[in-house]
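# Commentary on secondary and tertiary structure
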Amino acid sequence: MEYGRLGPTDLSRADETPVNRPRSSTTANTKIILFSLLAIVLIVASAISAVLVTVVRSRASTDDGRLKEPTLAGKPTQAISRTCSRTRFPDLCVNSLLDFPGSTAATERDLVHISFNMTLQHFTKALYISAAISSSGVYASMDPRSRAAYDDCLELLDESVDAISRSLTTVSPSGAS
(Lines give C-alpha, C1' and ligand atoms only; values in the text may rest on other atoms or scores of the structure.)
Protein backbone atom coordinates (compact mmCIF):
# COMPACT_ATOMS: atom_id res chain seq x y z
CA MET A 1 0.00 0.00 0.00
CA GLU A 2 1.76 3.06 -0.96
CA TYR A 3 0.40 5.69 1.34
CA GLY A 4 1.38 9.28 0.59
CA ARG A 5 2.05 8.69 -3.08
CA LEU A 6 0.18 10.69 -5.64
CA GLY A 7 0.85 8.75 -8.77
CA PRO A 8 1.32 5.13 -9.73
CA THR A 9 4.53 3.47 -8.72
CA ASP A 10 4.90 1.73 -12.02
CA LEU A 11 6.98 3.87 -14.42
CA SER A 12 5.39 2.21 -17.42
CA ARG A 13 2.10 3.92 -16.61
CA ALA A 14 3.66 7.37 -16.02
CA ASP A 15 1.93 8.70 -19.17
CA GLU A 16 -1.43 8.33 -17.46
CA THR A 17 -0.74 10.60 -14.51
CA PRO A 18 -3.42 13.24 -13.84
CA VAL A 19 -1.04 15.94 -15.02
CA ASN A 20 -0.61 14.40 -18.47
CA ARG A 21 -4.23 13.45 -19.05
CA PRO A 22 -6.16 15.62 -21.54
CA ARG A 23 -8.46 18.16 -19.91
CA SER A 24 -12.06 17.34 -19.70
CA SER A 25 -14.43 18.69 -22.28
CA THR A 26 -16.47 20.49 -19.62
CA THR A 27 -13.56 22.85 -18.82
CA ALA A 28 -13.11 23.68 -22.49
CA ASN A 29 -16.85 24.19 -22.93
CA THR A 30 -16.95 26.50 -19.90
CA LYS A 31 -14.17 28.66 -21.33
CA ILE A 32 -15.89 28.86 -24.71
CA ILE A 33 -19.15 29.89 -23.06
CA LEU A 34 -17.40 32.56 -20.96
CA PHE A 35 -15.58 34.01 -24.00
CA SER A 36 -18.84 33.98 -25.98
CA LEU A 37 -20.65 35.83 -23.21
CA LEU A 38 -17.85 38.38 -22.99
CA ALA A 39 -17.98 38.92 -26.75
CA ILE A 40 -21.76 39.39 -26.66
CA VAL A 41 -21.49 41.89 -23.79
CA LEU A 42 -18.84 43.87 -25.68
CA ILE A 43 -20.95 43.90 -28.87
CA VAL A 44 -24.02 45.11 -26.96
CA ALA A 45 -21.96 47.81 -25.21
CA SER A 46 -20.58 48.96 -28.56
CA ALA A 47 -24.07 49.14 -30.06
CA ILE A 48 -25.37 51.16 -27.10
CA SER A 49 -22.40 53.54 -27.33
CA ALA A 50 -22.98 54.03 -31.05
CA VAL A 51 -26.64 54.84 -30.48
CA LEU A 52 -25.82 57.30 -27.70
CA VAL A 53 -23.20 59.08 -29.81
CA THR A 54 -25.65 59.32 -32.73
CA VAL A 55 -28.44 60.72 -30.54
CA VAL A 56 -26.17 63.26 -28.83
CA ARG A 57 -24.71 64.46 -32.13
CA SER A 58 -28.13 64.76 -33.76
CA ARG A 59 -29.35 66.90 -30.88
CA ALA A 60 -26.21 69.02 -31.00
CA SER A 61 -26.20 69.70 -34.74
CA THR A 62 -27.92 72.49 -36.61
CA ASP A 63 -29.99 72.22 -39.77
CA ASP A 64 -26.96 72.71 -42.03
CA GLY A 65 -24.99 69.89 -40.33
CA ARG A 66 -22.62 72.05 -38.26
CA LEU A 67 -22.37 71.48 -34.52
CA LYS A 68 -24.21 73.98 -32.34
CA GLU A 69 -22.25 76.15 -29.99
CA PRO A 70 -22.66 74.97 -26.41
CA THR A 71 -25.18 77.07 -24.55
CA LEU A 72 -25.52 77.65 -20.87
CA ALA A 73 -28.53 76.57 -18.89
CA GLY A 74 -29.41 80.14 -17.82
CA LYS A 75 -31.58 82.33 -19.94
CA PRO A 76 -30.40 85.79 -20.92
CA THR A 77 -32.03 88.81 -19.38
CA GLN A 78 -33.79 91.38 -21.56
CA ALA A 79 -30.82 93.72 -21.19
CA ILE A 80 -28.42 91.01 -22.41
CA SER A 81 -30.73 90.11 -25.31
CA ARG A 82 -31.11 93.74 -26.41
CA THR A 83 -27.40 94.50 -26.08
CA CYS A 84 -26.28 91.36 -27.91
CA SER A 85 -28.86 91.73 -30.69
CA ARG A 86 -26.85 94.74 -31.93
CA THR A 87 -23.60 92.78 -32.23
CA ARG A 88 -22.15 90.87 -35.15
CA PHE A 89 -22.18 87.56 -33.24
CA PRO A 90 -25.20 87.65 -30.91
CA ASP A 91 -24.95 84.01 -29.70
CA LEU A 92 -21.31 84.42 -28.73
CA CYS A 93 -22.16 87.69 -26.99
CA VAL A 94 -25.02 86.11 -24.99
CA ASN A 95 -22.95 83.07 -23.96
CA SER A 96 -19.99 85.23 -22.97
CA LEU A 97 -22.09 87.62 -20.91
CA LEU A 98 -23.97 84.81 -19.19
CA ASP A 99 -20.60 83.35 -18.26
CA PHE A 100 -19.44 86.61 -16.66
CA PRO A 101 -20.32 87.04 -12.96
CA GLY A 102 -22.85 89.77 -12.25
CA SER A 103 -23.94 90.25 -15.84
CA THR A 104 -27.47 88.97 -15.26
CA ALA A 105 -28.14 91.84 -12.85
CA ALA A 106 -26.49 94.49 -15.05
CA THR A 107 -28.15 97.24 -17.04
CA GLU A 108 -27.50 97.74 -20.75
CA ARG A 109 -24.94 100.43 -19.99
CA ASP A 110 -23.19 98.14 -17.52
CA LEU A 111 -23.17 95.35 -20.11
CA VAL A 112 -21.25 97.53 -22.56
CA HIS A 113 -18.67 98.16 -19.86
CA ILE A 114 -18.56 94.44 -19.00
CA SER A 115 -18.12 93.57 -22.69
CA PHE A 116 -15.16 95.90 -23.04
CA ASN A 117 -13.60 94.54 -19.86
CA MET A 118 -14.03 90.94 -21.05
CA THR A 119 -12.52 91.75 -24.44
CA LEU A 120 -9.62 93.55 -22.79
CA GLN A 121 -9.01 90.55 -20.53
CA HIS A 122 -9.03 88.14 -23.49
CA PHE A 123 -6.64 90.26 -25.53
CA THR A 124 -4.30 90.75 -22.58
CA LYS A 125 -4.25 87.02 -21.94
CA ALA A 126 -3.49 86.36 -25.63
CA LEU A 127 -0.68 88.92 -25.52
CA TYR A 128 0.93 87.34 -22.45
CA ILE A 129 0.63 83.82 -23.85
CA SER A 130 2.09 84.93 -27.17
CA ALA A 131 4.89 86.83 -25.47
CA ALA A 132 5.85 83.67 -23.57
CA ILE A 133 6.98 82.14 -26.87
CA SER A 134 9.84 84.61 -27.11
CA SER A 135 11.19 83.49 -23.73
CA SER A 136 11.05 79.83 -24.74
CA GLY A 137 13.46 78.13 -27.10
CA VAL A 138 10.95 78.25 -29.94
CA TYR A 139 11.69 81.87 -30.81
CA ALA A 140 15.41 81.21 -31.26
CA SER A 141 14.74 78.33 -33.64
CA MET A 142 12.39 80.35 -35.90
CA ASP A 143 13.48 81.26 -39.38
CA PRO A 144 13.71 85.02 -40.08
CA ARG A 145 10.31 85.25 -41.83
CA SER A 146 8.52 83.45 -39.01
CA ARG A 147 10.26 85.59 -36.43
CA ALA A 148 9.20 88.77 -38.30
CA ALA A 149 5.60 87.52 -38.50
CA TYR A 150 5.65 86.68 -34.80
CA ASP A 151 7.02 90.13 -33.91
CA ASP A 152 4.28 91.75 -36.04
CA CYS A 153 1.66 89.65 -34.28
CA LEU A 154 2.92 90.77 -30.86
CA GLU A 155 2.92 94.38 -31.98
CA LEU A 156 -0.68 94.12 -33.26
CA LEU A 157 -1.84 92.46 -30.05
CA ASP A 158 -0.16 95.17 -27.99
CA GLU A 159 -1.79 97.90 -30.08
CA SER A 160 -5.15 96.16 -29.79
CA VAL A 161 -4.89 96.08 -26.01
CA ASP A 162 -4.09 99.81 -26.02
CA ALA A 163 -7.01 100.59 -28.36
CA ILE A 164 -9.47 98.60 -26.27
CA SER A 165 -8.21 100.31 -23.10
CA ARG A 166 -8.77 103.73 -24.72
CA SER A 167 -12.24 102.65 -25.88
CA LEU A 168 -13.11 101.48 -22.39
CA THR A 169 -12.07 104.86 -21.01
CA THR A 170 -14.24 106.59 -23.62
CA VAL A 171 -17.28 104.43 -22.87
CA SER A 172 -16.82 104.72 -19.15
CA PRO A 173 -15.16 108.06 -18.40
CA SER A 174 -15.38 107.37 -14.66
CA GLY A 175 -12.11 105.49 -15.16
CA ALA A 176 -12.72 101.95 -13.87
CA SER A 177 -10.75 99.64 -16.15
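About the cut-offs
Residues numbered from 1 in each chain as written. Predicted model: local features only at pLDDT ≥ 70, side-chain atom pairs only at ≥ 80, totals over all residues. Heavy atoms only, no water. Helix = DSSP H or I, 4+ residues; strand = E, 2+ residues; numbered from the N terminus. Buried < 20%, exposed > 50% of the residue type's maximum accessible area, 1.4 Å probe, protein only. Contact = heavy atoms within 4.5 Å. Phe/Tyr/Trp six-rings, centres within 6.5 Å; stacked < 30°, edge-to-face > 60°. Lys NZ or Arg CZ within 6 Å of the ring centre and 35° of its normal. Patch = residues over 30% accessible without salt bridge, like charges linked within 9 Å, V, L, I, M, F, W, Y side chains within 5 Å. Areas by Shrake-Rupley, 256 points an atom, 1.4 Å probe, with all protein chains shown as cover. Salt bridge = Lys/Arg side-chain N within 4 Å of Asp/Glu carboxyl O. Lys, Arg positive; Asp, Glu negative; His and termini not counted. Charge placed at Lys NZ, Arg CZ, Asp CG, Glu CD. Expected span 1.5 Å × (residues − 1). Disulfide = S-S within 2.5 Å. UniProt positions renumbered as here; feature names shortened; annotations may be inferred.

An unreviewed UniProt entry lists the protein chain under the name Pectinesterase, with Arachis hypogaea as the source organism.

Here we take up the overall build of the protein chain. The helix and strand tally for the protein chain stands at six helices and zero strands. When the helices and strands of the protein chain are read in sequence order from the N terminus, they spell out α-α-α-α-α-α. Sorting the 177 residues of the protein chain into buried and exposed places 16% on the buried side. Across the protein chain, the fraction of contacts at a sequence separation of at least 24, relative to all contacts at a separation of at least 6, is 45%.

Here the focus is the packing of aromatic side chains. Per the stated rule, a full pass over the model turns up one aromatic pair. Note that Arg-147 overlies the ring of Tyr-139, its terminal NZ or CZ placed 5.0 Å from the centroid.

We now examine a negative patch on the surface. On the surface, Asp-151, Asp-152, Glu-155, Asp-158, Glu-159 and Asp-162 cluster together into a negatively charged patch. Counting through the fold element by element, Glu-159 comes out in helix 6 (residues 144-171). A relative accessible area of 43% means that Glu-159 is categorised as partly exposed.

On the surface, Ile-33, Leu-34, Leu-37, Ile-40, Val-44, Ile-48 and Leu-52 cluster together into a nonpolar patch covering about 690 Å² of accessible area. Assignment of secondary structure puts Leu-52 in helix 1 (residues 25-60).

Right, let's talk about helix 4 (residues 108-135) for a bit. For helix 4, spanning 28 residues, the distance from its first C-alpha to its last is 41 Å, which sits close to the expected 40 Å at 1.5 Å a residue. Residues Leu-111, His-113, Ile-114, Asn-117, Met-118, Leu-120, Leu-127 and Ser-130 constitute the buried set of helix 4. Where helix 4 is buried, its residues touch helix 2 (78-85), helix 3 (90-99) and helix 6.

Before going further, it helps to spend a moment on the environment of Met-118. With respect to the helices and strands, the residue Met-118 is situated in helix 4. When sequence neighbours within four positions are dropped, the list of residues in contact with Met-118 reads Ser-96, Leu-97 and Phe-100.

Under the counting rule described, the total for this entry stands at one disulfide. One disulfide bridge connects Cys-84 with Cys-93, the sulfur atoms lying 2.1 Å from each other. Judged by the torsion about the S-S bond (-65°), the Cys-84/Cys-93 disulfide is left-handed. Judged by its relative accessible area of 1%, Cys-84 falls in the buried class. Assessed through its relative accessible area of 13%, Cys-93 is described here as buried.

Moving on, we come to the UniProt feature "transmembrane region" (unreviewed entry) in the protein chain. In the numbering adopted here, UniProt assigns the feature "transmembrane region" (unreviewed entry) to residues 32-56. Measuring from the first to the last C-alpha atom of residues 32-56 gives 36 Å, for a span that is 100% helix and 0% strand.

Right, let's get into helix 6. Note on helix geometry: an α-helix contains 3.6 residues per turn, so any two residues three or four positions apart are oriented the same way. Taking 1.5 Å per residue as the helical rise, helix 6 with its 28 residues ought to reach 40 Å, and the 40 Å between its terminal C-alpha atoms agrees with that figure. Where helix 6 is concerned, the buried positions are Tyr-150, Leu-154, Leu-157, Val-161, Ile-164 and Leu-168.

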